[in-house]
Amino acid sequence: MYQVLLVDDEPLILTGIQSMINWEDYDCVIADKASNGKQALEKMEKNMPDIVITDIKMPVMTGIEFMQECRDRGYDTVFILLTNLEEFSLAKSALSLGAADYLVKMEMTQEMMGSSLKRATELCNQKRILTDKISHREFHPKDVKQTATGFFRDVLEKAGNISDEFRKKWEEPIEKMELERLYENGILMWIRPYKERDIFENVSEEDRKEMLDYAQSLMEQFMNRIHSGCCTLVWKRMGILAILPGQNRTEKYYRETGRKICNILEDYFGCQTLVAISAPMEDIWGGSKRALSQIKKIQEFYYYHSDVPVVLTGDMDEHFWEERHARHDTFDISFLKKDLRQALVQQDKEKVNSVFEELSALFTEFHPAREQVVNACANLYYFFLSYVEEDALIKEEMPYPSVVMEILLECFTLEAHTCWLLKFGSWVGNTMENFHSGSKTDKIVEAAKEYVRENYGEKLTLAAIASKIGISQGYLSSVFKKQTGGNLNDYINQIKIEKAKELLEKHEYMMYEISDMLGFENPYYFSKVFKKLTGITPSEYEMHKAAQN
């Protein structure tokens, strides 16, 4: 039986929870009750319950403070939090400390309480299994996780090539913490989130690191709630490796866990995720090398089977590997370059698009290796870059090759590469419509001006105007500056201020009303732009006109 401690400062709540379910149905018994965190802490020392169900807001010591104190003292208790609707942010803080679940008091039902209790008892059972595997209790569980994380990072970075010096470094801590026993038949799980990037979108190393660090924190919290003893690490600046202690789980369990991970990362980041799961590791020394090799094979398999986000080693059929080894050593696209050159010379947008569509069809038909797909896409990019070498406007808009290669190398599926290719083809086609065509650039500038004159009351941006005209914002910016000598944003402000003068001369509107009518972010920014272009503030201009009249 699992011992449960109930903590709440409202006696009616304590009584209601106690009578809500038949506790024995969940292999539980209520060991004690407390009315605040400080009193609960004293009862913890006396009873050491397996599960604590506690309110968040209480006098003397809150539920969060109580939970933090238990963690600081090394108590390995499972927590379920009780909260009100307005305390959701506090509940999230509790989850970050490793709470199994939280329940909203006003919405709580028997089924919800039963479901949370079942989750808590499963976690208790996992902790008992791990405790049985570790006989030494003089160190904190955090020490075990930190040591395991450090070891697996080292051994995986060495790809399993273990030297005598490496063994000497790790043998003592591994023996002390009994890691070989703890992670016997352990599982390696590769969590690879990825988002579709725009064709030339640059993502800084800092942004990528921040996203992965946050994703790792989420995974750490999630794994601690469902799989005690798991350690995680950011791997190769691309994803997260989770090492799960062996507990003889079924394939169904790992698939469900993988789907939950995909849902979490989609909710937080709006991204797709591959969850690749190795076979159980025979040992933590050489077994981790074999598990990592299986993960790499799953990635290759996933490149052409991205419709299934959770893949186990056993999912990869032999036919795939036979096809893979039977692929041609080369993937020649030289004939497409000839077709593309002809289409560019003729400035034929449809022919340009057809070249990129034909290459996309070849990818689908012949399934070349991922490296060959990257090279083919890069080839067409470099071909176009060299073709427009002498056109300053287009060259200015073209991204650096390093950015394009980064995007291509990060594309994780054939679908992602194909999407990039077709977008690039569309961009080339739209750009070539205006290539070496002065009359067309004149039309573009006039179209932009007309749109500004007709929509001056909106919050106009370069991107929005370019989208309406049907060209890229970089090309619009370059053409507008070359043709007029000024920036499009300056022209937008010029038109808005001319309209502002007309409105001020009527003496019918407040400043904030005019600001809003002209699509400025706020009256302060409106006044700032007005003074920059006229030399006086809107109020001064209105007073001057009133005096004239």
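Remember, it's a predicted structure, so these values are computed and weren't measured experimentally.

The rules behind the values
- Residues numbered from 1 in each chain as written.
- Predicted model: local features only at pLDDT ≥ 70, side-chain atom pairs only at ≥ 80, totals over all residues.
- Heavy atoms only, no water.
- Core = buried A, V, L, I, M, F, W, Y, C linked by side-chain atoms within 4.5 Å.
- Buried < 20%, exposed > 50% of the residue type's maximum accessible area, 1.4 Å probe, protein only.
- Helix = DSSP H or I, 4+ residues; strand = E, 2+ residues; numbered from the N terminus.
- Contact = heavy atoms within 4.5 Å.
- Salt bridge = Lys/Arg side-chain N within 4 Å of Asp/Glu carboxyl O.
- Pairing = 2+ DSSP bridges.
- Axes fitted to C-alpha atoms, helices over the stretch in contact; angles between N-to-C directions.
- Right-handed = clockwise from strand over helix to strand, strands pointing away.
- Expected span 1.5 Å × (residues − 1).
- Disulfide = S-S within 2.5 Å.

Draft legend 1. Quick look at the nonpolar core. Core analysis: the largest hydrophobic core is formed by 58 residues, its most contacted members being Phe384, Trp420, Phe424, Val428 and Ile465. With 10 residues, helix α15 (residues 370-387) is the single largest residue contributor to this core. Excluding its chain neighbours within four sequence positions, the residues that come into contact with Ile465 are Ala448, Tyr451, Val452, Leu460, Leu476, Leu488 and Ile492. Formed by 35 residues, the second largest nonpolar core is a distinct cluster that contains Ile174, Tyr183, Ala276 and Phe301.

Draft legend 2. Quick look at the pattern of salt bridges. Applying the stated criterion across every chain yields a total of 22 salt bridges. Between Lys145 and Glu220 there is a salt bridge, with the nearest N and O atoms lying 3.4 Å from each other. In this pair, Lys145 is assigned in helix α6 (residues 141-157) and Glu220 in helix α9 (residues 205-226), connecting sequence segments 75 residues apart. Its salt-bridge partner being Glu205, residue Arg237 comes within 3.4 Å of it at the nearest N-O pair. On the criterion of sequence distance, the pair formed by Arg237 in the loop between β7 (231-235) and β8 (239-244) and Glu205 in helix α9 is long-range, its members being 32 residues apart. Residue class for Glu205 comes out partly exposed when judged on its relative accessible area of 37%. Salt bridges linked by common partners bring Arg197, Glu205, Arg208, Arg237, Glu406 and Glu410 together as one network.

Draft legend 3. Spotlight on unusual backbone geometry. Backbone geometry places Lys236, a non-glycine residue, at a positive phi of 55°. Inspection of the secondary structure assignment puts Lys236 in the loop between β7 and β8. Positioned with a positive phi, Arg237 is a non-glycine residue whose angle comes to about 55°. On the basis of relative accessibility, which here comes to 58%, the residue Arg237 falls in the exposed class.

Draft legend 4. Structural context of the side chain of Ser278. Considering the arrangement of structural elements, one finds Ser278 in the loop between β9 (272-277) and α11 (286-304). With a relative accessible area of 5%, Ser278 lands in the buried category. Residues within four places of Ser278 in sequence aside, it is in contact with Ile187, Leu188, Ala291, Gln294, Ile295 and Thr313.

Draft legend 5. Highlighting the sheet that holds β8. Pairing is mixed in the open sheet, where five strands are placed in the order β7-β8-β6-β9-β10. The outermost strands of the open sheet, each flanked by one partner alone, are β7 and β10 (310-312). Taken pair by pair, the neighbouring strands of this sheet meet at an average axis angle of 20°, ignoring direction. Bridge count for β9 against β10 is three bridges, and the pairing is parallel. Looking at the pairing, Ala276 lines up with Val311 of β10.

Draft legend 6. Inspection of the pairing of strand β3 (residues 51-55) at higher detail. β3 sits mainly inside the fold: five of its five residues count as buried. Residues Ile51, Ile53 and Asp55 of β3 are buried on one face, and the alternating residues Val52 and Thr54, pointing to the opposite face, are buried as well. By the bridge criterion, four bridges tie strand β1 (residues 2-7) to β3 in an arrangement that is parallel. Residue pairing across strands places Val4 opposite Ile51, the latter belonging to β3. In terms of strand pairing, β3 meets strand β4 (residues 78-83) through five bridges, oriented parallel. Within β4, the residue paired with Thr54 across the bridge is Leu81. In this fold, the crossover linking β3 to β4 by way of helix α3 (residues 63-72) has right-handed handedness.

Draft legend 7. Fine view of helix α10 (residues 251-269). Taking 1.5 Å per residue as the helical rise, α10 with its 19 residues ought to reach 27 Å, and the 27 Å between its terminal C-alpha atoms agrees with that figure. Within α10, the full set of buried residues consists of Tyr253, Tyr254, Thr257, Gly258, Ile261, Cys262, Leu265 and Phe269. Of the residues one or two after α10, Gly270 is the one with positive phi, at around 65°.

Draft legend 8. Broad picture of the state of the cysteines. Within this structure, the stated rule accounts for zero disulfides. Just so you know, Cys271 is unpaired, no disulfide at all, and the nearest cysteine sulfur is the one on Cys262, 8.9 Å from it. A disulfide-free cysteine, Cys411 has its sulfur positioned 7.6 Å from the sulfur of Cys377, the nearest such atom.

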